[in-house]
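The primary structure of each chain is shown beneath.
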Amino acid sequence: MMEGPPITVDQKRQLVKKLTEAAVEVYKIGHITVLIRENPPENVGVGGELLADRKKK
């Protein structure tokens, strides 16, 4: 599972391709499932503040 900020469908395609390639190389299996969970910056806190607020600085 991959968690991160919202990205475009093309970026998701790239991410799935590269994560799958890396996992197949390490696990030596050909059936990898990638789940993408998007988290908007206002729903993520780091170091006591929201990412949305950190971007404003």
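> Just checking my understanding: could you explain the overall build of the protein for this structure?
Along its length, the protein carries two helices and four strands. Element order for the protein, N to C, with α for helix and β for strand: β-α-β-β-β-α. Computed over C-alpha atoms, the radius of gyration of the protein comes to 15 Å, more than 25% over the 10 Å expected from 2.2 N^0.38 for 57 residues, which places it beyond the range of a compact globule. Counting only residues that meet the buried cut, the protein has 7% of its 57 residues in that class. Considering only contacts within the protein whose residues lie at least 6 apart along the sequence, 46% involve residues at least 24 apart. Split by element, the accessible area of the protein, about 4800 Å² in all, is 56% carbon and sulfur.

> Help me out: how do you make sense of helix H1 (residues 9-27) in this one?
Owing to its 3.6 residues per turn, the α-helix brings residues three or four apart onto one side. Relative to the 27 Å expected for 19 residues at 1.5 Å per residue, H1 spans 26 Å between its end C-alpha atoms, a close match to the ideal helical length. Two residues or fewer past H1, lysine 28 is found with a positive phi of approximately 60°.

> Looking at this model, I keep getting lost on the pattern of salt bridges. Mind explaining?
As enumerated under the stated definition, the model contains six salt bridges in all. For the salt bridge of glutamate 3 with arginine 37, the shortest nitrogen-to-oxygen distance reads 3.3 Å. Here glutamate 3, found in strand E1 (residues 2-4), pairs with arginine 37, found in strand E2 (residues 36-38); they are 34 residues apart in sequence, far enough to count as distant. Its relative accessible area of 41% is what places arginine 37 among the partly exposed residues.

> In this structure, what is going on with the side chain of asparagine 39? I would like to understand it.
Within the secondary structure, asparagine 39 is located in the loop between E2 and strand E3 (45-46). A distance of 3.0 Å separates the side chain of asparagine 39 from the side chain of glutamate 3, its partner in a polar contact.

> Would you explain the environment of glycine 45 in this entry?
Mapped onto the secondary structure, glycine 45 falls in strand E3. According to the relative accessible area criterion, glycine 45 is exposed, its value standing at 55%.

Calculation criteria
Residues numbered from 1 in each chain as written. Predicted model: local features only at pLDDT ≥ 70, side-chain atom pairs only at ≥ 80, totals over all residues. Heavy atoms only, no water. Helix = DSSP H or I, 4+ residues; strand = E, 2+ residues; numbered from the N terminus. Rg over C-alpha atoms; globule rule 2.2 N^0.38 Å. Buried < 20%, exposed > 50% of the residue type's maximum accessible area, 1.4 Å probe, protein only. Contact = heavy atoms within 4.5 Å. Areas by Shrake-Rupley, 256 points an atom, 1.4 Å probe, with all protein chains shown as cover. Expected span 1.5 Å × (residues − 1). Salt bridge = Lys/Arg side-chain N within 4 Å of Asp/Glu carboxyl O. Polar contact = N/O pair within 3.5 Å; in protein donor to acceptor, adjacent residues only side chain to side chain.

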